[in-house]
Amino acid sequence: QVQLVESGGGLVQAGGSLRLSCAASGRTFSRYHMGWFRQAPGKEREFVAAISVSSISKYYADSVKGRFTISRDNAKTTVYLQMNSLKPEDTAVYYCAAAPFANSNYVTGHGYDYWGQGTQVTVSS
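From a predicted model like this one, the values you see are computed outputs, not experimental measurements.

So, how was this worked out
- Every chain's residues receive numbers from 1 upward, in the order its sequence appears when written.
- Confidence filtering applies because this is a predicted model: local features only for residues at pLDDT of at least 70, side-chain atom pairs given and counted only at 80 or more, and all residues used for totals across whole chains, interfaces and linings.
- Side-chain calculation: all heavy atoms of the structure are included, whereas hydrogens and water are not.
- In this text, helices come from DSSP runs of H or I with a minimum length of four residues, and strands from runs of E with a minimum of two, each type numbered from the N-terminal end.
- Whether two residues are in contact is decided by their heavy atoms, any of which lying within 4.5 Å being enough.
- Relative accessible area decides the class of each residue, using a 1.4 Å probe on protein chains only: under 20% of the type maximum gives buried, over 50% gives exposed, and in between gives partly exposed.
- The criterion for strand pairing is that DSSP finds at least two bridges linking the strands in question.
- Here, a disulfide means two cysteine sulfur atoms that sit within 2.5 Å of each other.
- To define a nonpolar core, start from buried Ala, Val, Leu, Ile, Met, Phe, Trp, Tyr and Cys residues and group those joined through side-chain atoms within 4.5 Å.
- Stacked, tilted and edge-to-face pairs are distinguished by plane angle, under 30 degrees for stacked and over 60 for edge-to-face with tilted covering the rest, among Phe, Tyr and Trp rings (Trp via its six-membered ring) whose centres lie within 6.5 Å.

A.B. asks: Explanation requested: the environment of alanine 99 in the structure shown.
C.D. replies: Secondary-structure assignment places alanine 99 in strand β9 (residues 92-100). Here the alpha-carbon distance between alanine 99 and valine 53, two residues 46 residues apart in the chain, equals 9.5 Å. For alanine 99, the residues in contact, after removing those within four places along its chain, are Arg31, Tyr32, His33, Tyr106, Gly111, Tyr112 and Asp113.

A.B. asks: Explain the pairing of strand β7 (residues 68-73) here, please?
C.D. replies: The side chains of a regular strand alternate between both faces of the sheet. Of the two faces of β7, the one holding Phe68, Ile70 and Arg72 is buried and the one holding Thr69, Ser71 and Asp73 is not buried anywhere. Of the pairings in the sheet, the one linking β7 to strand β8 (residues 78-83) comprises six bridges and is antiparallel in character. Looking at the pairing, serine 71 lines up with tyrosine 80 of β8. Between β7 and β8, which pair antiparallel one after the other, the connecting turn spans four residues, and threonine 77 there sits at a positive phi close to 45°.

A.B. asks: Help me understand the state of the cysteines in this model?
C.D. replies: Enumeration over the complete set of coordinates arrives at one disulfide. Linked covalently through their sulfurs, cysteine 22 and cysteine 96 form a disulfide whose S-S length is 1.9 Å. Its torsion about the S-S bond being 45°, the disulfide of cysteine 22 and cysteine 96 is classed as right-handed. Remark: cysteine 96 occurs in strand β9 and cysteine 22 occurs in strand β3 (residues 18-24); sequence separation between them is 74 residues. For the pair cysteine 22 and cysteine 96, one class covers both residues: buried.

A.B. asks: What is the right way to read the nonpolar core from this model?
C.D. replies: With 29 residues, the main nonpolar core has Trp36, Val79, Leu81, Met83 and Tyr94 as its most contacted residues. Put simply, the parts of the chain that give this core at least two residues each are β3, β4 (32-39), β5 (46-51), β7, β8, β9 and β11 (119-124). Sequence-distant contacts of tyrosine 94, defined by excluding residues within four places in its chain, comprise Glu6, Leu20, Trp36, Phe37, Arg38, Val48, Phe68, Leu81, Met83, Gly118, Thr119 and Val121. Counting residues in hydrophobic clusters, the runner-up holds seven residues, among them Phe47, Ala50, Ala99 and Tyr106.

A.B. asks: I keep staring at the pairing of β8 and nothing clicks. Help me out?
C.D. replies: Among the six residues in β8, five count as buried, and that is most of the element. As paired elements, β3 and β8 share six bridges and run antiparallel to each other. Looking across to β8, one finds that alanine 23 is bridged to threonine 78.

A.B. asks: When you look at the packing of aromatic side chains in this model, what are you seeing that I'm missing?
C.D. replies: Pairs of aromatic rings are described using the distance from one ring centre to the other and the angle between the two planes. Under the counting rule described, the total for this entry stands at six aromatic pairs. Ring centres of phenylalanine 37 and tyrosine 112 lie 5.0 Å apart, and the angle between their planes is 85°; this geometry places the pair in the edge-to-face category. One end of the pair, phenylalanine 37, is in strand β4; the other, tyrosine 112, is in the loop between β9 and β10 (114-115), and 75 residues separate them in sequence. A relative accessible area of 3% places phenylalanine 37 in the buried class. What makes tyrosine 112 buried here is its relative accessible area of 9%.

A.B. asks: Whenever I open this one, unusual backbone geometry confuses me. Can you help?
C.D. replies: Generally, phi is negative for residues other than glycine and the peptide bonds are trans, each holding for most cases. Within the chain, serine 55 stands out as a residue other than glycine whose phi angle is a positive 70°. Even without being glycine, serine 85 reaches a positive phi, approximately 50°. With respect to the helices, strands and loops of the structure, serine 85 is situated in the loop between β8 and β9.

What follows is the structure in structure tokens.
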């Protein structure tokens, strides 16, 4: 089992940056692909980014490509989301999630078994 705790959210002006962190418990972190999702008020949860167990492969939603960067440190059992050039439409609760390494659907935002509690990101105009 994997427990996930996000941090790093907050209020930032448009054009600013934030770095989200997601700390995972357990010694099997390196066997999980990791993803970031977000949910804005009144909207469905959407896929933001994903990273493979070895960090070789990274995937991004078109809406964040070129602005957000996902990374992970398996030694620290932590996954990060660096968010630059933030826009008001990036305002949402951001969640990290873990998908077993055998699940290839993680790249499309599916097959995630474990979720964090979320961290709020608010971008003011």
